[in-house]
Amino acid sequence: LYEICELAAEFFTQQLSNLNLPARNASHSVAGGQIHPNTTNNNPIIDYLYKRGLKDNSIEEWRLGYALDSWQSLLNFLKTKGFKEIDIEKSGLIIQNTKYKIQDTRYYDRFRNRLMFPIFDINGRVIAFSGRIMSDIISSKTEKVDSGKYINSPETILYSKSRVLYGLDHAKAEIRKNNRVVLVEGQMDLLLPFQDGVKNIVATSGTALTEEQLLILKRLTDNLTLAFDMDEAGFRATKRGIDLATEMSFNVSVI
């Protein structure tokens, strides 16, 4: 399963690198999608990341990728590497086909037309993925308009979302060094501060903060700084995080 996840990460990064849609304001469809009129180069996903503020070295360091607007591109790639469908399904990367009427298709890719964030364990191994829908930039033939903005890998043998913190493999030494951890909600919330020098930062990856996650952080520091979104959901998450962390004797501050 580690091999499958690693190969999937390599596949997604290669697809991001290879993505080449028509020049700006082109009106014809290529590879199932049309370029967004605001795009300024032939790779609209890279263009999106640039506009969000990410630089090439961050895109490369965090191994961001792209899942094609295709039902089986990743599945077919992994099968060419000798992996069986039953094992690929155990990794959370494909879904058994009971929902879509796709001829002769037993399984299909979970992630389609999505910006891909590999999720790493504390040792830096790829164990899961989070994918942001890109239909606002590249029109999709496989994803519905109302598909979730972000979808994550399901629980697997390798991945338990209540026990994993995005970026901990990068941040653990800096957390000890600074004797403080900054906690944010999502991947992009982490990547931009990290790029600007805030290295002691981790993210809950869109899930509620758990006692298991705090126990992991407790081994590194007693000082926790929350920096969740400034909306109603973020306020509730912050309040819950304060209560949970205080019960576990953290010194809590809020940005």
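Take the sheet that holds strand β4 (residues 114–120) next. Pairing is antiparallel across the open sheet formed by four strands, whose spatial order is β1-β4-β5-β6. Looking at the sheet topology across the chains shown, the edges are occupied by β1 (65–67) and β6 (150–152). The mean angle between the axes of side-by-side strands here comes to 35 degrees, regardless of whether they run parallel or antiparallel. In terms of strand pairing, β4 meets strand β5 (residues 126–133) through seven bridges, oriented antiparallel. Bridge pairing in β5 links F120 to V126. Packing against the sheet, helix α1 (residues 2–18) makes contact with β1, β4 and β5, and its axis sits at approximately 35 degrees to β5.

Across the protein chain, the average pLDDT comes to 90, with 90% of residues at or above 70. In the model, residues 23–39 has pLDDT below 50 throughout and makes 34 contacts with residues more than four positions away in sequence or in other chains.

This brings us to the sheet that holds strand β8 (residues 201–203). Taken in spatial order, the four strands of this open sheet run β8-β7-β9-β10, and their pairing is parallel. A strand with exactly one partner marks an edge of an open sheet, and here the two such strands are β8 and β10 (251–254). Looking at each pair of strands side by side, their axes are set apart by 25 degrees on average, direction ignored. Pairing of strand β7 (residues 181–184) with β8, which is carried by three bridges, proceeds in the parallel orientation. Bridging across to β8, V182 finds its partner in I201.

For the structure shown, the criterion picks out 11 salt bridges. A salt bridge links R106 to E85; its shortest N-O distance comes to 3.0 Å. Of this pair, R106 sits in the loop between β2 (94–96) and β3 (107–109) while E85 is found in helix α5 (residues 85–90), placing the two residues 21 residues apart along the sequence. Note on R106: relative accessible area 56%, which makes it exposed. With a shortest N-O distance of 3.7 Å, R236 and E232 are connected by a salt bridge. Within this pair, R236 and its partner E232 are both found in helix α9 (residues 232–247), separated by four residues, close to a single helical turn. As far as burial versus exposure is concerned, R236 and E232 are alike and both exposed. Salt bridges here are not isolated pairs; linked through shared partners, they connect K79, E85 and R106.

What counts as what
Residues numbered from 1 in each chain as written. Predicted model: local features only at pLDDT ≥ 70, side-chain atom pairs only at ≥ 80, totals over all residues. Heavy atoms only, no water. Pairing = 2+ DSSP bridges. Helix = DSSP H or I, 4+ residues; strand = E, 2+ residues; numbered from the N terminus. Axes fitted to C-alpha atoms, helices over the stretch in contact; angles between N-to-C directions. Contact = heavy atoms within 4.5 Å. pLDDT = per-residue confidence, 0-100. Salt bridge = Lys/Arg side-chain N within 4 Å of Asp/Glu carboxyl O. Buried < 20%, exposed > 50% of the residue type's maximum accessible area, 1.4 Å probe, protein only.

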